[in-house]
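# Coordinates in review
Residue strings, one per chain:
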Amino acid sequence: MSDLIVHGGKPLAGTITPSGNKNSVLPIFCATLLTDEPVTLKNIPDITDLDKLVAFARHQGSHIEWDRAAGVMRLDHSGFKRKLVDDELPQDMRSTVLLYPALLHRLKKISVPSNAKGCSLGVREIDPHLEILRALGAAIDAGDPLVISLPRGFTGARHWLDYMSVTVTENFAMAAALARGRSTLINAASEPHVQDLCAALAAMGAKIEGLGTSRLEITGVKKLHGATITIGTDYHEVVTFLALGAITGGEVRVKKSLPQHFDLITRAFQKLGVTVEHDGTTAVVHRNQKLAIEPAFTPNLLPKIEAAPWPYFSVDLLPLMIALSTRATGTIHFWNKVYENGFSWMPELAKFGAHVVVLDPHRIVVFGDRPLRPAVVDSPYVIRAAVALTMVAAAIPGRSVVRNAEIIKRAHPRFVENLRSLGAELEWK
């Protein structure tokens, strides 16, 4: 069931409660491996990447109870074996790299393939991860596989990232939490899911300063303890359903919307003629938004939405704004400052009739409000691109097919069910 059949053209309306954040739960799960004491995780999303991590930990001897209906997971890693059972880490997902600090802490040596995997957005090197681990006391033996060893435990260090990498920052936080002495990371990533991981580590006893900033200061402790941790709301999912309401002309309300993270997101919506309101912690897009691109004040300059590491507008949300812009009157420039293949799916968007000019691998111009038609499109192996193509299909009367859309389940376990609750007509095939 990898293809999504969408019968579009109907305004979506209703209320959604979003899932827990995929980008939070994966590093937090890996962080639980840093302690032998029981940990309880709440608001767990039922996603395939987490399935792989759970299977790996159970195979290694961890005791894990997962109540999927309640979204609660209870973990006890005290039985985790001191040697990899199959000499192999979980494959086919980028988040495997987040296991390195905990496995080095437990096993003292791991072998990893030199070609880390993930999605199709572009090359995601492991060098920054190795640099941070080496700075904190690990030894690297180059080759294929790479051998990483930690003979004397993690040691505090100061490190300055050349790029605000989310997963490198998360690996730093996990390793530094148990390092001897004080560690400093400059140019740290500060996305909401990085903040969630740091808050989880703090709940387990880590001493972390600078939460939500680009400078993290961590004083290592001898051991971490158990805790009960609630996974934060997936703000990507909040934006997804607000955008679906706007593009179809319906009224959608999303609970637990994290308004403290929404300033720049709200401004991006405004640039496309969409007003997002907050009623407490519920975000609302009212029906029949004007969908008109705001002109720039600077003469002869296109309005622009640019995406880069947080606190910039999130690059993962850019495809949703691109989809929305195809229905908006006017012309707008999008700039992806992160991924070199972030716009590889533009030919699929054009199959709907969208007018998009690709300027270079990082920039495009969308000419909005062109006549759109149903189409059969092929999603790349990029979660948000698959969602964006589904958004456009939902806005067009008639039957469209988004092939290879199953990747959506990696981040949104109840995507189809939630859309149906809003009145959408779609099904897996």
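Scoring rules and cut-offs
- In every chain, residue numbers begin from 1 and rise along the written sequence.
- Under the rules for a predicted model, residues below a pLDDT of 70 receive no local features and side-chain atom pairs below 80 are neither given nor counted, while totals for whole chains, interfaces and linings still include all residues.
- For the side-chain quantities, the full set of heavy atoms in the structure was used; hydrogens and water were omitted.
- Under the DSSP-based scheme used, a helix requires at least four consecutive residues in state H or I and a strand at least two consecutive residues in state E, with every element numbered from the N terminus.
- For the radius of gyration, the atoms used are the C-alpha atoms, and the globule rule reads 2.2 Å times the number of residues raised to 0.38.
- Any residue under 20% of the maximum accessible area for its type is buried, any over 50% is exposed, and the rest in between are partly exposed; the area is computed with a 1.4 Å probe on protein chains only.
- A pair of Phe, Tyr and Trp rings is counted when the ring centres sit within 6.5 Å of each other, with Trp represented by its six-membered ring. The angle between the planes then sorts it: under 30 degrees is stacked, over 60 is edge-to-face, the rest tilted.
- Each ring is checked for a lysine NZ or an arginine CZ that lies within 6 Å of its centre and within 35 degrees of its normal; such an atom marks a charge sitting over the ring.
- Between any two strands, at least two bridges found by DSSP are needed for them to pair.
- Here an axis means a line fitted to C-alpha atoms, over the contact stretch when the element is a helix, while the angle between two N-to-C directions is reported on a 0 to 180 degree scale.
- Multiply 1.5 Å by the residue count of a helix minus one, and that product is the helix's expected span.
- By definition, a salt bridge exists where a carboxyl oxygen of Asp or Glu is found within 4 Å of a side-chain nitrogen of Lys or Arg.

### A few points about the overall build of the protein
Within the protein, the secondary structure is distributed over 12 helices and 23 strands. For the protein, the C-alpha radius of gyration of 22 Å lies close to 22 Å, the compact-globule estimate for 429 residues. For the protein, the spread of C-alpha atoms along the principal axes amounts to about 65 × 45 × 45 Å. Here the protein holds 429 residues, and 56% of them are scored as buried.

### Notes on the packing of aromatic side chains
Each aromatic ring pair is characterised by the separation of its centres together with the angle its planes make. The final tally for this structure, using the stated rule, is 3 aromatic pairs. For the pair Phe 241 and Phe 415, a centre-to-centre distance of 6.1 Å together with 40° between the ring planes defines the contact as tilted. A residue pair is termed long-range when its members are at least 10 positions apart, and Phe 241 in helix H7 (residues 235-248) and Phe 415 in helix H12 (residues 415-421) qualify at 174 residues. Comparing Phe 241 with Phe 415, the two get one shared label, buried. The ring of Trp 66 carries the charged tip of Arg 68 above its face, separated from the ring centre by 3.8 Å.

### Brief notes about the sheet that holds strand E11 (residues 207-209)
Sheet architecture is open: 4 strands sit in the order E9-E10-E12-E11, paired in mixed fashion. If you trace the sheet from one side to the other, it starts and ends with strand E9 (158-160) and E11, each paired once. Across this sheet, the average inter-strand angle for adjacent strands is 15°, counted without regard to direction. Note: strand E10 (residues 182-186) against strand E12 (residues 215-219), 5 bridges, orientation antiparallel.

### Observations concerning helix H11 (residues 383-395)
A rise of 1.5 Å per residue sets the reference length of H11, with its 13 residues, at 18 Å; its end C-alpha atoms lie 19 Å apart and thus fit the reference within 8%. With respect to burial, H11 is a largely interior element, 13 of its 13 residues being buried.

### Some remarks on the pattern of salt bridges
Tallied over the full model, the rule gives 16 salt bridges. The salt bridge involving Asp 36 is made with Arg 106; its shortest N-O contact spans 2.8 Å. Note that Asp 36 is positioned in the loop between helix H1 (22-32) and strand E3 (39-42) and Arg 106 in helix H3 (residues 100-107), a separation of 70 residues in sequence. Judged by its relative accessible area of 42%, Asp 36 is partly exposed. Residue classification places Arg 106 among the buried residues on the basis of a relative accessible area of 14%. Residue Asp 378 is joined to Arg 403 by a salt bridge in which the shortest nitrogen-to-oxygen separation is 3.6 Å. Placement of Asp 378 in strand E21 (residues 376-378) and of Arg 403 in strand E22 (residues 398-403) is noted, with a sequence separation of 25 residues between them.

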